[in-house]
Amino acid sequence: MHFLKTGIVALSLSALLTACGGGSDSNPTEPPVVEPPPPTTYTLTIAGIATDAPIANAAITAIVGEQSYTTTAAADGTYSLDIEYQDGDLNPNDWVMLNAKGEGSQAHIELASNIGTFGLVNELAGDNATLDAEASHRTKITQVSTASYLLTAGSEVATDEALAEAEAALDGDQLLELSGLIKLIADDPDFSVPVGETILSTLNKDSGSVSDNIQSYLEENDLVDENGAPTEAFEEALAQAIEDTVTDPAVTQGFSAEELIGTNVNTVNITTGWVALNGDVLHLNEDGTASVGAHGSYNSITNDIGAQWQLDEAGTLQLLYEANGAVYYQLMSIGVIADQWGEDVAQQLLDQDYQFQPIPVIRQLLSTRVAKIVGSGSDSAKVSLKTVSSYTLDLSEVSGIEWVGDLPTYEQTDTYAQLWHPAVNINSLWQEAPVGQWALPMPVMLEGLDDTEAQQYFAHVQITLEENGNITDPEGVPLGAWDFTDGSLVLSTNDGWTVNYQAIAQSEGLYSAVLTTQKGTLKQSSINWIAQFDPERNTLEQDLIQEIPYILGTWINGWMASSGNPDKPTFNSIWGYSLSADGSMARVSAYEEYDESTDAYYDSHFGAENDYGWTWQQEAEDEFSYQGSLDYGDMVLSRKRNWTVIATMEDGRHLVLERSILTYDFINDAISDQSGYFVFPRINVLSPVDLSQFTEAYQRSLDMGTLVGPAPVNKFDPDRFNNKTVYDVYFEEPSIDQGHVEQCENMTLANAMQFNADGTGSSIEACDGKLYDFDWALEQDNRVLMLDFSGTHLQFVVAGEMMTDVDARTACWVDSEDISTAEAAIAVAEAGCDPEQSGFPTDFYFEQPELPYNRFDESTFAVGQTVYAVDAQGQTDCGEEQLKFEFTEEGIGTITVLCGNESFSFDWQMVIGRQVMVFNPEVSGADNDQYIVAGELTDNDGGQQYCWIDDSEVISARQALDICRSEGSVDGEFGLSDPSQ
């Protein structure tokens, strides 16, 4: 490894001394000139191959910074290129790129490979200063290296770290497809480039992106149809080119047994900054046996699949599975059956009058081939998997079908790219026992939506790993014990399960772990997220309410590179929530639309959905939830989802323990008929996302109005009615209300309505003080309060919006003999609650309201209470100016004159919203009602001023109220203290 060297010139002592002659007249001599040694020349050799099929006699060029070095490949495409340089010629940060260009009939072939910085090249070359394929796969200049070069922005990548990150983010399928296209252009005469052009110049034009250039090439060469879709012939040719690529050992990299023996993990491509949520776990043993955890259902617990494994000469992994089978049900038409199982099978089913119905299908894995395409960073590799599966129609289980002979079976081959994490790189991140509170997946008894009783599922549980080795739930209930050995956490539950957790990757507080779950002979291997609770890091509440164009996004799939993440999402990955401060909410998602002219889908718009009348709330400091229901008429579907905050990450991502319950009420009687987990407890990630980064789709959403969801469906809360008092506050319009009382017209009133849990109730009318009994029920999914006052027609109150400044909800009271259903009442409310249509605006207060007038307090002036009255002059001599009012029972009381202790009975009634007390003392000469009108409250103990009207010409409470208000009279004051003491 050679860079800048410092040359040191050594001069002899004699050269520094003055020579002396034999006589006194000798002259000094000039010192000799000493030339510095010539600079050292270094040679670094890069050796490899230029091939998609060998490129004979290709011109190989190494570009190092601004320097170029060339050589010619042999007939088989192999090359050895020497880079000679002297001190100071090259810099360790200079970028190294290889180019291979064919000649003659291969002149159109031009391939490239990014090598890295010159410093890294020197380091990998080692003491013998030779970089070959064993030291770096990048010396293979192939269709794969060229595809990677193009997809990672080619020369724009200038550091080793940037190249590793860009290659890790590559989509494996896209890499293979572009590699296949490059091979087609290179080798197949049916695919060509214009004269004078090369593969690189065609696919790497400055005028467009790589994808644009590919599309242009396909269109110019008639490889797509009129709608822009690849032709069938091109797809077949491309598939063969990809197969040829992954089976060519000169192009691919082989596995070694040493790196595979142990636990391997296979996942889709992972987004930078995230860790894998799921994938396959493959345990490969030295004796050639293997077990594979490849589970189709996230919450199921199933045995690993046994297998045999081996490596072929090219280092490709071959897996042959033992007997296995997973059953699923599929609705299939005769056409689908004919396409997959053949016309004969379809005809036999038709002959037996086959009806469109679910058919059990048995899927069995037969084999998998894993070819390493290219290394992807230090701990993983891009691989191509080819899996063969069989699909069997289990017609023995289909009603009405009698099948004779072997069950119909067909085989299907699937080829796809994934990310392989070899066993040699699978190591635990834990050095110490992870004590504390965690969200860990484990076997747990839960009732799913379709279950009649709790079943064993695999789901996340909030547990505490205590210092003493015990496991407890949030209530402190013991669940089992835990141990920590060699970087692995092992849980032993009280019901006999053992779960081993090995944390293998981490993105701050979010871990990806390999899990091994065992009980008896059952063993399941899987990948899952785990996370530790950190209550000190919880800022979800600050992000819940977002203003459009932002929403609170959910990123359960954000770890997959194909879905993107909050900073750079893909359009169809957008899913989230728009929560409002008033408790309403809409669910927001991205919508694609079909364009008939192009026979393709395009990014259309974002839509806000509130069909369920979603509402949300904060249940505790770290607990949030939302719920809603949808009324189908004869059935009500209700849903509720909860989020328990686990922790907030430094980049603002919120980890939550999420679960959702779905409930069916099949006969719409407010009683649950079927309920269970729709989303089993799991870790999810929430984070705001900006919709406006999708400029066209966002603008289209604004133009279409789709981001303004349906108006929230207003509903009453049953808990605010059962055994509670609700105040019906309304303004008494003159001559409109059918129940109009003239003495209360043009006044704001408040009826006190008591709702009993058994469906009965009573209302004390504010105007006349009368008590009315009723039966009640909430209908139409709590949108409507039905009131049945005996002896009259049904009345309905339709819920409106919640008020923001008081604990109250607007409503529409529908009172008409012509309206006998809740549905009809809703129609009146939605039409504007017009009195001409028997709709009367009102407000329902759930706490005693502060009304714009003085009234007697219902707890002070009530049965069993005593108050004292003192006249306004405050006289203290013995007389009627000091009275004691005792309200002994409803409508009856006793008045005592404190001086002389004279008592007499009286009848009393509170009217006009408790503004006026009407009473008639049972004393001689008292033949008319008297009225005491409520005045201002005072600072005395329970003090309240009053105006007393005792006048035979005043014949109504309203008349007395008008007199007191107009004259501003104050005749005395009520209080709770005995003035005579």
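Every chain is numbered on its own, with residues counted from 1 as its sequence reads. Restriction of local features to residues with pLDDT of at least 70 applies here, the model being predicted, together with a cutoff of 80 or more for giving and counting side-chain atom pairs; totals for whole chains, interfaces and linings are based on all residues. Heavy atoms throughout the structure, all of them, feed into the side-chain values; hydrogens and water do not.

Looking now at unusual backbone geometry. The amide bond that connects isoleucine 548 to the next residue, proline 549, takes the cis arrangement and shows omega of 25 degrees. Elements are defined by DSSP. Helices are runs of H or I of four residues or more, strands are runs of E of two residues or more, and each kind is numbered from the N terminus. Its location among the elements puts proline 549 in the loop between helix H12 (540-544) and strand E26 (550-554). The phi angle at aspartate 486 is positive, at roughly 50 degrees, despite the residue not being glycine. Tracing the backbone through its elements, the reader meets aspartate 486 in the loop between strand E21 (478-485) and strand E22 (488-493).

Right, let's get into the state of the cysteines. Disulfides are defined as cysteine sulfur pairs within 2.5 Å. A full pass over the atoms with the stated rule returns two disulfides. Sulfur-sulfur distance for the disulfide between cysteine 947 and cysteine 964 comes to 2.0 Å. Judged by the sign of its S-S torsion, about -75 degrees, the bond between cysteine 947 and cysteine 964 is left-handed. With cysteine 947 in strand E49 (residues 944-949) and cysteine 964 in helix H15 (residues 957-967), this pair connects stretches of sequence that are 17 residues apart. In this pair, the class of cysteine 947 matches that of cysteine 964, namely buried. Each residue's exposure class comes from its accessible area (1.4 Å probe, protein chains only) as a fraction of the maximum for that residue type: buried when under 20%, exposed when over 50%, partly exposed otherwise.

Next up on the list: the packing of helix H5 (residues 172-187) against helix H7 (residues 210-220). Relative orientation of the contacting elements H5 and H7 amounts to 45 degrees, with a least axis distance of 13 Å. On the basis of the axis angle, H5 is oblique to H7. By crossing handedness, the relation of H5 to H7 is classed as left-handed. Within the contact between the two elements, H5 uses Leu178, Leu181 and Ile185 and H7 uses Val210, Ile214 and Tyr217. In this description, a line fitted to the C-alpha atoms serves as the axis of each element, helices being fitted only across the stretch in contact, and the angle between N-to-C directions of two axes falls anywhere from 0 to 180 degrees. Small angles under 35 degrees read as roughly parallel and large ones over 145 as roughly antiparallel, with 65 to 115 read as roughly perpendicular and the rest as oblique. Take the far helix as the reference: if the near one is turned anticlockwise from it by less than a right angle, the crossing is left-handed, and if turned clockwise, right-handed. Only heavy atoms matter for contacts: two residues are in contact if any of them lie within 4.5 Å across the pair.

Attention now goes to the pattern of salt bridges. The term salt bridge refers to a pairing of a side-chain nitrogen on Lys or Arg with a carboxyl oxygen on Asp or Glu at a separation within 4 Å. Taken as a whole, this structure holds 16 salt bridges when the rule is applied. Residue arginine 653 pairs with aspartate 651 through a salt bridge whose shortest N-O separation is 2.8 Å. Between arginine 720 and aspartate 807 there is a salt bridge whose closest N-O contact spans 2.4 Å. Here the residue arginine 720 occupies a position in the loop between helix H13 (695-704) and strand E35 (724-732), and aspartate 807 occupies one in the loop between strand E40 (795-802) and strand E41 (808-815), the gap between them amounting to 87 residues. Relative accessible area serves as the criterion here: at 24%, aspartate 807 is assigned to the partly exposed category. Among the ionic contacts, a cluster of salt bridges with common partners joins Asp52, Lys183 and Asp187.

Turning our attention to the nonpolar core. Within soluble globular proteins, side chains that are nonpolar tend to cluster in buried spots. Joining through side-chain atoms within 4.5 Å is the link that ties buried Ala, Val, Leu, Ile, Met, Phe, Trp, Tyr and Cys residues into a set, and such a set is a nonpolar core. Of all hydrophobic cores here, the largest spans 66 residues; its most connected members are Ile60 and Ile83. Ranked by residue count, the leading element in this core is H5, at eight residues. When residues no more than four places from it in sequence are discounted, the contact partners of isoleucine 83 are Tyr42, Thr43, Leu44, Ile46, Ala62, Val64, Tyr69 and Leu90. If you look at the next biggest cluster of nonpolar residues, it comprises 41 residues, including Val265, Ile270, Val281 and Leu510.

A few words on the sheet that holds strand E44 (residues 882-889). A pair of strands is labelled paired if DSSP reports no fewer than 2 bridges between them. Read around the barrel, eight strands follow the order E43-E44-E45-E46-E47-E48-E49-E50 and close on themselves; strand pairing throughout is antiparallel. Each strand of the sheet is rotated relative to its neighbour by a mean of 35 degrees, with strand direction disregarded. Two elements, E49 and strand E50 (residues 972-975), share three bridges in a ladder whose sense is antiparallel. Considered in E50, the bridge of glutamine 944 is made with phenylalanine 974. Across the sheet, H15 is in contact with strand E46 (902-911), strand E47 (916-921), strand E48 (930-937) and E49; its angle to E48 comes to roughly 45 degrees.

Like-charged residues are merged into a patch within 9 Å and nonpolar side chains (Val, Leu, Ile, Met, Phe, Trp, Tyr) within 5 Å, provided each residue has over 30% relative accessible area and no salt bridge. With residues, only the protein chains shown are counted as cover, and all accessible areas are computed by Shrake-Rupley using a 1.4 Å probe. For this count, His and the chain ends are skipped, Lys and Arg are scored as positive, and Asp and Glu as negative. In this description, the location of a charge corresponds to atom NZ of lysine, CZ of arginine, CG of aspartate or CD of glutamate. On the surface, Glu536, Glu541, Glu621 and Asp622 cluster together to form a negatively charged patch. Tracing the chain through its elements places aspartate 622 in the loop between strand E30 (615-620) and strand E31 (623-631). Aspartate 622 gets classed as partly exposed once you look at its relative accessible area, which sits at 31%.

To continue, consider the environment of serine 660. In this structure, serine 660 sits in strand E33 (residues 654-665). Each C-alpha atom of the pair serine 660 and glutamate 156 lies 46 Å from the other, and the pair is 504 residues apart in sequence. Those residues in contact with serine 660 that lie beyond four places of it in its chain are Lys640, Arg641, Gly676, Tyr677, Phe678 and Val679. As used in this structure description, the phrase polar contact means that two N or O atoms lie within 3.5 Å; if the pair is within protein, one of them must be able to donate a hydrogen and the other to accept it, and residues adjacent in sequence are counted only when both atoms belong to side chains. Polar side-chain contacts of serine 660 include one of 3.3 Å to the backbone oxygen of lysine 640.

Further remarks concern the packing of aromatic side chains. Ring geometry is summarised as follows: Phe, Tyr and Trp rings, the Trp one being its six-membered ring, pair when their centres sit within 6.5 Å, and such pairs are stacked at plane angles under 30 degrees, edge-to-face over 60 and tilted between the two. Following the criterion strictly, the structure yields 44 aromatic pairs and no others. Ring centres of tryptophan 438 and tyrosine 511 lie 5.8 Å apart, and the angle between their planes is 50 degrees; this geometry places the pair in the tilted category. One end of the pair, tryptophan 438, is in strand E18 (residues 436-446); the other, tyrosine 511, is in strand E24 (residues 510-519), and 73 residues separate them in sequence. Residue tryptophan 438 is classed as buried on the basis of its relative accessible area, which comes to 2%. Judged by its relative accessible area of 13%, tyrosine 511 falls in the buried class. Arranged with centres 6.0 Å apart and planes meeting at 65 degrees, the rings of phenylalanine 606 and phenylalanine 694 form a pair that is edge-to-face. On the criterion of sequence distance, the pair formed by phenylalanine 606 in strand E29 (residues 600-609) and phenylalanine 694 in the loop between strand E34 (674-690) and H13 is long-range, its members being 88 residues apart. The pair phenylalanine 606 / phenylalanine 694 is uniform in exposure class, with both members buried. An aromatic cluster of three or more residues is present, and its members are Phe856, Phe861, Phe885, Phe887, Phe906, Trp908, Phe919, Tyr946, Trp948 and Phe974.

Before going further, it helps to spend a moment on the packing of H5 against helix H8 (residues 232-246). In the contact formed by H5 and H8, the axes pass within 8 Å of each other and the chain directions differ by 100 degrees. The orientation of H5 relative to H8 falls into the category roughly perpendicular. Contacts from Leu176, Glu177, Gly180, Leu181, Lys183 and Leu184 in H5 reach Phe234, Ala237, Leu238, Ala241, Ile242, Asp244, Thr245 and Val246 in H8. The nonpolar class holds Ala, Val, Leu, Ile, Met, Phe, Trp, Tyr, Cys and Pro. Asp, Glu, Lys and Arg form the charged class, and all remaining residues, Gly among them, are polar. Looking at the contact of H5 with H8, its residues break down into nine nonpolar, two polar and three charged.

Mapped onto the elements, leucine 317 comes out in strand E13 (residues 317-321). The class of leucine 317 is buried, set by a relative accessible area of 0%. Through-space distance from the C-alpha of leucine 317 to that of arginine 369 is 5.8 Å; in sequence the pair is 52 residues apart.

As a note on interpretation, predicted positions should not be read in detail where pLDDT is low. Here the protein averages 87 in pLDDT, and 92% of its residues register 70 or above. Per-residue confidence from the predictor is given as pLDDT, running between 0 and 100. Contacts for the low-pLDDT stretch residues 1-26, under 50 throughout, to residues beyond four places or in other chains number 24 contacts.

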